[in-house]
Amino acid sequence: MAIRVIAGTARGRRLKMVPGEGSRPVMDRVKEACFSKLGRRVAGSRFLDLYAGTGSVAIEALSRGAALAELVEQDPRALRVIRENLQLAGLQGGARVQRADVLSWLRNDVAQPFDIIYVAPPQYQGLWSQTLQLIDERPDWTHENSIVVVQIDPSERQCIELDRLAPFDERRYGNTLLWYFQVSDEAGETGDRNP
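It should be emphasised that the depicted structure is a prediction, and the values quoted were computed from it without experimental measurement.

On to the sheet that holds strand β10 (residues 176-183). Taken in spatial order, the 7 strands of this open sheet run β5-β4-β3-β6-β7-β10-β9, and their pairing is mixed. Two strands lie at the open edges of the sheet, namely β5 (95-99) and β9 (165-173), each paired on one side alone. Along the sheet, successive strands turn relative to each other by an average axial angle of 15°, direction set aside. Where strand β4 (residues 68-73) lies against β5, 5 bridges are found, and the strand directions are parallel. Along β5, the bridge assignment pairs Leu71 with Val97. Here helix α2 (residues 56-63) sits on the sheet and contacts β3 (46-50), β4, β5 and β6 (116-119); the angle it forms with β3, its principal contact strand, is near 165°.

If you want it as structure tokens, here you go:
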């Protein structure tokens, strides 16, 4: 499977894959649908890519005009590919690559909130809900207009108790579910609808 940059300044650039089975690259049609939904929010945004893998989602954001993309990844093979892909796309100037465990990293203080946070952890490990819970508990990571996008296998979807974040949309593309959250005063329990 090849991945590429779909739109913007690096449109059409082919990106490298992470060797092995551990990463879960987002298919081009899913990425295209996600960025179509995010629309004008991307340009000028502060974009956070958690479990960044190949870096293709953050690279897409930068190509479409994001002011900054921060990519957090622990796997050294993935980190190597992220740096190579940023170079291939000519977008390394707008990126900050962090080698870290995401759950530990989210417990740190952040100087400025992010406009868009993309969460795409390895499958079937329950990491997406732990990650979302941490973002929910730490108001400094988001502001009132922030969006959090969770990329999971539909079978991983479950109810989760949140105080600040509430789901507002979800879209299924084959074996990929994109679940969209925003800051809300009336979050409560999520996940009572079927995708």
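To continue, consider helix α3 (residues 76-89). For α3, built from 14 residues, the straight-helix expectation of 20 Å at 1.5 Å per residue is met to within 8% by its first-to-last C-alpha distance of 20 Å. Inspection of α3 places Ala78, Leu79, Val81, Ile82, Asn85, Leu86 and Ala89 among the buried residues, and these make up the whole buried set. The buried residues of α3 occupy one face: seen down the axis, they fall within an arc of 165°. Buried residues belonging to α3 abut β2 (14-15), α2, β4 and β5. Capping of α3 at its N-terminal end is provided by Asp75; its side-chain oxygen lies 2.8 Å from the backbone amide nitrogen of Arg77. Looking one or two places after α3, you find Gly90, whose phi comes out positive at around 70°.

What follows is about the pattern of salt bridges. Under the criterion given, the structure shown has 11 salt bridges. Between Glu84 and Lys16 there is a salt bridge; the shortest N-O distance is 3.2 Å. You can see Glu84 sitting in helix α3 and its partner Lys16 sitting in the loop between β2 and α1 (28-38), a full 68 residues away along the chain. Between Lys37 and Asp169 there is a salt bridge; the shortest N-O distance is 3.0 Å. One end of the pair, Lys37, is in helix α1; the other, Asp169, is in strand β9, with 132 residues separating them in the sequence. Its relative accessible area of 34% is what places Lys37 among the partly exposed residues. A relative accessible area of 13% means that Asp169 is categorised as buried.

What counts and how
Residues numbered from 1 in each chain as written. Predicted model: local features only at pLDDT ≥ 70, side-chain atom pairs only at ≥ 80, totals over all residues. Heavy atoms only, no water. Pairing = 2+ DSSP bridges. Helix = DSSP H or I, 4+ residues; strand = E, 2+ residues; numbered from the N terminus. Axes fitted to C-alpha atoms, helices over the stretch in contact; angles between N-to-C directions. Contact = heavy atoms within 4.5 Å. Expected span 1.5 Å × (residues − 1). Buried < 20%, exposed > 50% of the residue type's maximum accessible area, 1.4 Å probe, protein only. Arc of directions from axis to C-beta. Polar contact = N/O pair within 3.5 Å; in protein donor to acceptor, adjacent residues only side chain to side chain. Salt bridge = Lys/Arg side-chain N within 4 Å of Asp/Glu carboxyl O.

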